[in-house]
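Close look at the chain arrangement
Given next are the chains, with one letter for each unit.
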Amino acid sequence: MRNNVAQLAAARDASGKGDLIAAGVALADIARSMHSIKRFVPNKGDKAAWDKTLDAVVLAALKGAGAAAANEKAGVDAALGELRRFMAVGHASFR
Ligand code: HEM
């Protein structure tokens, strides 16, 4: 989760500077780390919902990385917005 904070900020800053390669790498890192926590069972909330939410989070991050690879800043920024919404949903449901 600390990694998410750092990488989300890195992706936002990089996109703001037009460095879509750095933004894409940060988004890919969020995808990797959120996928890696899927094996855990959350203390709060249900495991099936956890898996479904994490899959959606990983896909949003990968789509953002794909947009970066296609040099589409709007797609990168849309993914950043989606990830912020997922953070609110994830924390309300599982934290
Ligand atoms: C992508 C943006 C997100 C950011 C920036 C973020 C950030 C954080 C931070 C700073 C913490 C507290 C410190 C820590 O435990 O490391 C935390 C805890 C937590 N987050 Fe997130 N989070 C994000 C998304 C999510 C999502 C999507 C979920 C669930 C599907 C989630 C579930 C949790 C849980 C369960 C905790 C508590 C962990 C514990 O107590 O061990 N987070 N998050």
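Since the structure is predicted, the reported quantities are computational estimates derived from the model, not experimental observations.

1. Considerations on the site of the ligand
- Near the ligand lie 16 residues; those nearest to it are Met1, Asn4, Met87, Gly90 and Arg95.
- Elements that contribute at least two residues to the shell around the ligand include exactly α1 (2-16), α3 (47-69) and α4 (73-94).
- If you tally residues by element for the shell around the ligand, the top one is α4, at 6 residues.

2. Some details on the nonpolar core
- Counting 20 residues, the largest nonpolar core has Ala23, Leu27, Ala61 and Ala79 as the members making the most contacts within it.
- For this core, the elements supplying multiple residues, two or more each, are α1, α2 (20-36), α3 and α4.
- In this structure, alanine 79 is in contact with Leu27, Ala60, Ala61, Lys63, Gly64 and Ala67, ignoring residues within four places of it in sequence.

3. Things to note about the environment of isoleucine 37
- Looking at the secondary structure, you find isoleucine 37 in the loop between α2 and α3.
- A count of 13 C-beta atoms within 10 Å places isoleucine 37 in the partly exposed class.
- Taking the C-alpha atoms as reference points, isoleucine 37 and arginine 12, separated by 25 residues in sequence, lie 23 Å from one another.

4. Details of the packing of α1 against α4
- Relative to each other, α1 and α4 sit at 150°, their axes nearing to 11 Å. Comparing their axes, α4 and α1 come out roughly antiparallel. Crossing geometry of α1 relative to α4 is assigned as left-handed. Every residue of α4 that contacts α1 at Leu8, Ala11, Arg12 and Ser15 is listed here: Lys73, Val76, Asp77, Leu80 and Leu83.
- Of the residues in the contact of α1 with α4, the class split is 5 nonpolar, 1 polar and 3 charged.

5. Concerning α4
- Between its first and last C-alpha, α4 extends 31 Å over 22 residues, near the 32 Å set by a 1.5 Å rise per residue.
- Every buried residue belonging to α4 is among Val76, Ala79, Leu80, Leu83 and Gly90, and all of these are buried. Seen end-on, α4 carries its buried residues on one side only, within an arc spanning 105°. Turned more than 90 degrees off the buried face of α4, the exposed positions are Ala74, Gly81, Arg84, Arg85, Ala88 and Ala92.
- The inward-facing, buried residues of α4 contact α1, α2 and α3.

6. Points about the environment of leucine 8
- Assignment of secondary structure puts leucine 8 in helix α1.
- Along the primary structure leucine 8 and alanine 49 are separated by 41 residues, whereas in three dimensions their C-alpha atoms are 23 Å apart.
- Contact partners of leucine 8, with chain neighbours within four places excluded, come to Ile30 and Leu83.

Rules behind the numbers
- Residues numbered from 1 in each chain as written.
- Predicted model: local features only at pLDDT ≥ 70, side-chain atom pairs only at ≥ 80, totals over all residues.
- Near = placed C-beta within 6 Å.
- Helix = DSSP H or I, 4+ residues; strand = E, 2+ residues; numbered from the N terminus.
- Core = buried A, V, L, I, M, F, W, Y, C linked by C-beta atoms within 7 Å.
- Buried ≥ 20, exposed ≤ 12 C-beta atoms within 10 Å, placed from the backbone.
- Contact = placed C-beta atoms within 7 Å.
- Axes fitted to C-alpha atoms, helices over the stretch in contact; angles between N-to-C directions.
- Parallel < 35°, antiparallel > 145°, perpendicular 65-115°, else oblique.
- Left-handed = near helix turned anticlockwise from the far one by under 90°.
- Nonpolar A, V, L, I, M, F, W, Y, C, P; charged D, E, K, R; others polar.
- Expected span 1.5 Å × (residues − 1).
- Arc of directions from axis to C-beta.

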